Amino acid sequence: MELIERFIAGFEGKTISVAVQGLETGKEIFINADVMMHPASTMKVPVMMEVFRQAEADIFSLDDKIVINNSFKSIVDGSEFSLSVVDDSETTLYPRIGESESIRELNRLMIVRSSNLATNILMELVSTARINTFIKELGIADVNVIRLIEDNKAYRLNMNNTFSARGTTQMMRLIAEGKVVSKNASDEMINVMLGQEFNESIPALIPADVKVAHKTGWTGQHFHDTGIVFPPNRKPYAISLFTHGFPEDDENQAHNCMAQISKIIYEELS
């Protein structure tokens, strides 16, 4: 803990939140863990949770196909908006507007490639209100999902999704414990997150053979990573690293900071 605090103290003018819960010993690390931040794409994890909840409730099957569309309604006034392909880290869905894709594949693209388009399609399918309700039903505090991605009218009115690192780690811990929807659903969600393609932060400096199921997020000066780390021969630990204030045009600074913190935590908990 002191080592992490000293490391963080070297980043003047930056907000760095750390929240860790170990399933092996119950050890916890919380530093600035209750600061509320824009969650960026870490908010895609509760979207996935509600998708799996509704699938388990037989509202639909993950293998059902739905139409790929790019027209969504603002929570402000119901006016329509579309996503821009240049602002999305996943681009393969945009040429396929009007075609169909399985809910399972849209969910995968939302997590491993952070597809904004897949996210909004799924959020409209399951409803934002229902996502937020499920978070509350699980007893997760300070994790609030109220709007779709790039609802700029809502953004300008400060109607934003807000997460804390503590609440996000609580969410990840429940998935690690098999308590979100069901053990099978939790395991499948972990398996999806194990396929994450952006690995510059939590996994970057820990041993390459250590499995990390995680979800990154970045927007503006917010850079985050949250996940479940599986050290060999031990129960996993849930971890969230949230940052604000690193320059948008040099994201490596934020990634390197989070990677170093992750390494310190791994060495302390393994």
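Residues numbered from 1 in each chain as written. Predicted model: local features only at pLDDT ≥ 70, side-chain atom pairs only at ≥ 80, totals over all residues. Heavy atoms only, no water.

Let us now look at the overall build of the chain. A tally of helices and strands in the chain yields 9 helices and 11 strands. Here the C-alpha atoms of the chain give a radius of gyration of 18 Å, agreeing with the 18 Å that 2.2 N^0.38 yields for 270 residues. Each principal axis of the C-alpha distribution contributes one length, and for the chain these read about 50 × 40 × 30 Å. Out of the 270 residues in the chain, the part that is buried amounts to 53%. Carbon together with sulfur atoms contributes 47% to the accessible area of the chain, which is approximately 11400 Å² in total. A distance of 3 Å separates the average location of the 25 positive side-chain charges in the chain from that of its 37 negative side-chain charges. (Helix = DSSP H or I, 4+ residues; strand = E, 2+ residues; numbered from the N terminus. Rg over C-alpha atoms; globule rule 2.2 N^0.38 Å. Buried < 20%, exposed > 50% of the residue type's maximum accessible area, 1.4 Å probe, protein only. Areas by Shrake-Rupley, 256 points an atom, 1.4 Å probe, with all protein chains shown as cover. Lys, Arg positive; Asp, Glu negative; His and termini not counted. Charge placed at Lys NZ, Arg CZ, Asp CG, Glu CD.)

Moving on, we come to the sheet that holds strand β10 (residues 222-230). The strand order β2-β1-β11-β10-β9 describes an open sheet built from 5 strands, whose pairing is antiparallel. Where the open sheet ends on each side, the last strands, each with one partner, are β2 (28-31) and β9 (211-219). Sheet twist, expressed as the mean angle between neighbouring strand axes with direction ignored, is 10°. Direction of pairing for β10 relative to strand β11 (residues 237-244): antiparallel, over a ladder of 8 bridges. For His224, the partnering residue across the bridge sits in β11 and is Phe242. Strands in contact with helix α7 (residues 165-176) are β1 (15-22), β2, β10 and β11; relative to β11, the strand with the most contacts, it is inclined by about 155°. (Pairing = 2+ DSSP bridges. Axes fitted to C-alpha atoms, helices over the stretch in contact; angles between N-to-C directions. Contact = heavy atoms within 4.5 Å.)

Inspection of the sheet shows β9 paired to β10 by 9 bridges, in the antiparallel sense. When the sheet's bridge partners are listed, Thr216 is paired in β10 with Asp225. Hairpin connection from β9 to β10: 2 residues lie between these consecutive antiparallel strands, with Gly220 at a positive phi of about 55°.

Attention shifts here to the environment of Asn32. Among the secondary structure elements, Asn32 is positioned in the loop between β2 and α2 (44-56). Of the residues examined, Asn32 reaches a relative accessible area of 39% and is grouped as partly exposed. Look past the residues within four positions of Asn32 in its chain and what remains in contact with it is Ile16 and Ser17.

This brings us to the packing of aromatic side chains. If you walk through the whole model with that rule in mind, you get 4 aromatic pairs. Measuring from centroid to centroid gives 5.2 Å for Phe7 and Phe11, while their planes differ by 65°, and the two rings are edge-to-face. For Phe11, a relative accessible area of 23% gives the class partly exposed. Measuring from centroid to centroid gives 5.7 Å for Phe11 and Phe246, while their planes differ by 65°, and the two rings are edge-to-face. In this pair, Phe11 sits in the loop between α1 (2-9) and β1 while Phe246 sits in the loop between β11 and α9 (251-269), placing the two residues 235 residues apart along the sequence. A cation over an aromatic ring shows up here: Lys14 above the ring of Phe246, its NZ or CZ 5.5 Å from the ring centre. Above the plane of the ring of Phe134 lies Arg53, whose end atom (NZ or CZ) is 5.9 Å from the centre. (Phe/Tyr/Trp six-rings, centres within 6.5 Å; stacked < 30°, edge-to-face > 60°. Lys NZ or Arg CZ within 6 Å of the ring centre and 35° of its normal.)

The next subject is the pattern of salt bridges. In total, this model carries 19 salt bridges according to the counting rule given. The partner of Glu80 in a salt bridge is Lys73, and the shortest N-O contact between them spans 3.7 Å. Judged by its relative accessible area of 57%, Glu80 is exposed. One salt bridge in this structure joins Glu177 and Arg173, with 3.5 Å as the shortest N-O distance. Overall, Arg173 belongs to the partly exposed group, its relative accessible area being 22%. (Salt bridge = Lys/Arg side-chain N within 4 Å of Asp/Glu carboxyl O.)

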